[in-house]
Amino acid sequence: MEGTSEVSEVPVEEENVEVWVSSFQTLVSTLVLQEGPAANGSFSKRKGNMYDNLFRRYFDCGLRQLLFHIKQLENLGFHREDMSLTKDSFIKLSDGNQIPVLGLGTMCSQKGTKAQARAAAKAAIEAGYRHIDSAFVYENEVELGEVIREKIADNTVKRKDIFYTSKLWSTYHSPELVKQCLDKSLKALKLEYIDLYLIHMPIGLKVGEEPFPKDDKGKWIYQQFDLREIWAAMEACKDAGLVKSIGVSNFNRRQLEFILHKPGIKHQPVCNQVECHVYLNQNKLLEYCKSKGIALVGYSTLGSSRDEQWTDPKSPVLLQDPVLKKIGDKYKKSPAQVALRYNLQRGIVVLAKSFNPEHVKQNIQVFDFQLTTEDMKALDGLNKNLRYIDLKLYYFQVKKNLECRILALPVLPDLARNTIHLNQELHFLHMSVNIWLFTALE
């Protein structure tokens, strides 16, 4: 290479930020990892290109100059991982597939209808969404499949453009039933494959047509199962080409480890979908998932629909938070758009649920502004570890002298199929059920 030139550490001007931003992501990977154009000898083939000119400058001047300007950009409020976010941005999953960073959530609450879910999906695809999240238990896959096929037929999208997620419901937690549940979703959708298939909950409910089985006293009827066997059946669905990727939902770290440590595991979970918003930022779980190559997908990112079946009506309304409003006013954005942007800049795949077509369109308008470091710190400070989705309804009703069969319990793998008598072990079982098995705590 030609002689090294001396370049002073000239501050980055704010009006030139877009130019720097477009180059830094690749520059970091090429210089820090010593890969890319300079390493493979192709640098000279693109001489004169702005990228190559910048690359030459930083290669000549050394890593010190690059890091200096990266620090300046961070001081301006830009984070390396979010510099290039657009509505077409995606996260590469551990199996090589790609998941769009923003998706439409479609869970139908008591206030929502299948027709509304259909209208929302139509508005979403027309607005530029390419990620639709649903589930077998939402009972709206017929309508969502109709919309997807209509948008393919009118050339708005191709099938490969749409990333569709469905989920295995808890009444199908038996190895021979996993594919049966998947087949029902595929039949409802009239699609040949699903892009992402998740274990919806780390619990089993009584097998049958009733999605929420209860006894005559109104107590949930649970079904014993072995989580490792369910995961093996999920792997078989992927190997058969019925799904592109497989993952989990509402899992905590210990439940994830139970799958990751499964003997003979063929495919690790590519993602973990959990409740995640400014009041529950899931920082510890996010860091753990990143360390294992597992993408974190956030639902209820705008709070909740206030459905009393799932949410305490006394819980605070997230979108009325004054910090969200203040930051939104600064960028002429809504509190909802700020809440979505917050998680996007943290590297989280965001599901934005709304059955209001106008809100659906507004929720994708989050790629034309950047939250500063100060903004992100202020939003971090809102964390209350507050859950809108009440998972307590899935807890065992444990009482003295109760006999309980627990499967897929990491702390007791050798007793997974044994009956546990709870004469003097009530406290231990309560801890196990709430922490190890059923909740998605950090």
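Procedures and definitions
Residues numbered from 1 in each chain as written. Predicted model: local features only at pLDDT ≥ 70, side-chain atom pairs only at ≥ 80, totals over all residues. Heavy atoms only, no water. Buried < 20%, exposed > 50% of the residue type's maximum accessible area, 1.4 Å probe, protein only. Helix = DSSP H or I, 4+ residues; strand = E, 2+ residues; numbered from the N terminus. Arc of directions from axis to C-beta. Contact = heavy atoms within 4.5 Å. pLDDT = per-residue confidence, 0-100. Core = buried A, V, L, I, M, F, W, Y, C linked by side-chain atoms within 4.5 Å. Pairing = 2+ DSSP bridges. Salt bridge = Lys/Arg side-chain N within 4 Å of Asp/Glu carboxyl O. Axes fitted to C-alpha atoms, helices over the stretch in contact; angles between N-to-C directions. 1 Å grid on protein atoms, 1.4 Å probe; cavity = no way out; pocket = protein on both sides within 12 Å on 5 of 7 lines; lining within 4 Å. Points joined across faces, edges and corners; volume = space filled by probe spheres on them. Nonpolar A, V, L, I, M, F, W, Y, C, P; charged D, E, K, R; others polar. Parallel < 35°, antiparallel > 145°, perpendicular 65-115°, else oblique. Left-handed = near helix turned anticlockwise from the far one by under 90°.

### A short note on helix H11 (residues 322-331)
Okay, so step 1: Buried within H11 are the following residues: Leu324, Ile327 and Gly328. Down the axis of H11, the buried side of the element spans an arc of 105°, and every buried residue falls inside it. Away from the buried face of H11 by more than 90 degrees, exposed residues Pro322 and Lys326 are located.
Okay, so step 2: Those residues of H11 that are buried are in contact with helix H12 (335-345) and helix H14 (373-380).
Okay, so step 3: Backbone geometry just downstream of H11 places Lys332 in the positive-phi region, at approximately 60°.

### A word on the confidence of the model for the chain
Okay, so step 1: This prediction gives the chain a mean pLDDT of 78; 67% of its residues lie at or above 70.
Okay, so step 2: Low pLDDT (under 50) marks residues 73-82, which in the prediction has 30 contacts with non-local residues, meaning those over four places away or in another chain.
Okay, so step 3: A low-confidence stretch, residues 395-442 (pLDDT under 50), is modelled with 101 contacts involving residues beyond four sequence positions or located in other chains.

### Structural notes on the nonpolar core
Okay, so step 1: With 90 residues, the main nonpolar core has Leu168, Ile199 and Leu379 as its most contacted residues.
Okay, so step 2: Not counting residues up to four positions away in its chain, the partners in contact with Leu379 are Val278, Val323, Leu324, Ile327, Val338, Tyr342 and Leu371.
Okay, so step 3: Core analysis: the next-biggest nonpolar cluster, separate from the first, contains 13 residues, Phe163, Cys271, Tyr299 and Leu351 among them.

### Notes on the pairing of strand E3 (residues 102-105)
Okay, so step 1: Alternating positions in E3 separate into two faces, Leu102 and Leu104 on one and Gly103 and Gly105 on the other, with burial throughout.
Okay, so step 2: Strand direction decides the pairing type here: E3 and strand E10 (residues 349-353), joined by 4 bridges, are parallel. By the bridge assignment for E10, Gly103 is matched with Leu351.
Okay, so step 3: Looking at chain direction, E3 and strand E4 (residues 131-133) are connected through 2 bridges and run parallel.

### Topic: the pattern of salt bridges
Okay, so step 1: Applying the stated criterion across every chain, the model contains 18 salt bridges.
Okay, so step 2: Lys167 is paired through a salt bridge with Asp133; the nearest N and O atoms lie 2.8 Å apart. Here Asp133 lies in strand E4 and Lys167 lies in strand E5 (residues 163-168), a separation of 34 residues in the sequence.
Okay, so step 3: Using a relative accessible area of 0% as the deciding quantity, one classes Lys167 as buried.
Okay, so step 4: Among the charged side chains, a salt-bridge network with shared partners connects Lys122, Glu126, Lys151 and Asp154.

### Section: unusual backbone geometry
Okay, so step 1: The residue Asn155 is not glycine, and still its phi comes out positive at about 70°.
Okay, so step 2: For Asn155, the position within the fold is in the loop between helix H6 (141-153) and E5.
Okay, so step 3: A positive phi angle is found at Ser300, which is not glycine, with a value near 55°.
Okay, so step 4: Among the structural elements, Ser300 can be located in the loop between strand E9 (295-299) and H11.
Okay, so step 5: Relative accessible area serves as the criterion here: at 17%, Ser300 is assigned to the buried category.

### Some words on the environment of Pro175
Okay, so step 1: You can see Pro175 is positioned in helix H7 (residues 175-189).
Okay, so step 2: In this structure Pro175 comes out as partly exposed when scored by relative accessible area, which is 36%.
Okay, so step 3: For the pair Pro175 and Ile230, spaced 55 residues apart in sequence, the C-alpha to C-alpha distance is 5.3 Å.
Okay, so step 4: The contacts of Pro175, once residues within four sequence positions are left out, are Glu229, Ile230 and Ala233.

### Thoughts on the sheet that holds strand E7 (residues 243-249)
Within a sheet, neighbouring strands are paired by backbone hydrogen bonds and run either parallel or antiparallel to one another.
Okay, so step 1: A barrel is described by the order of its strands in space; here 8 strands give the closed sequence E3-E4-E5-E6-E7-E8-E9-E10, paired in parallel fashion. Within this sheet the neighbouring strands show an average axis-to-axis angle of 30°, counted without direction.

### Here we look at the pairing of E9
Okay, so step 1: Within E9, 5 of the 5 residues are buried, which leaves it mostly tucked inside the rest of the structure.
Okay, so step 2: Burial along E9 is two-sided: the residues Ala295, Val297 and Tyr299 and Leu296 and Gly298 are all buried.
Okay, so step 3: Note that strand E8 (residues 271-275) and E9 share 5 bridges and pair parallel. Paired with Asn272 across the two strands is Leu296, which belongs to E9.

### Things to note about empty space enclosed by the protein
Okay, so step 1: In the structure shown here, the tally under the stated rule is 2 cavities of 30 Å³ or more.
Okay, so step 2: In terms of lining, the largest cavity is formed by Lys87, Pro100, Val101, Leu102, Gly128, Tyr129, Arg130 and Ile364.
Okay, so step 3: Across the lining of the largest cavity, the residue classes break down as 5 nonpolar, 1 polar and 2 charged.

### Regarding the packing of H11 against H14
When two helices pack together, their arrangement is captured by the angle between the axes and the distance separating the axes.
Okay, so step 1: One way to put it is that H11 packs onto H14 with a least axis distance of 10 Å and a crossing angle of 160°. Taken together, the axis directions place H11 and H14 in an arrangement best described as roughly antiparallel. For the pair H11 and H14, the sense of crossing is left-handed. Contacts between H11 and H14 involve Val323, Leu324, Ile327, Lys330 and Tyr331 from the former and Asp375, Ala378 and Leu379 from the latter.
Okay, so step 2: Its residues placed into classes, the contact of H11 with H14 shows 6 nonpolar, no polar and 2 charged.

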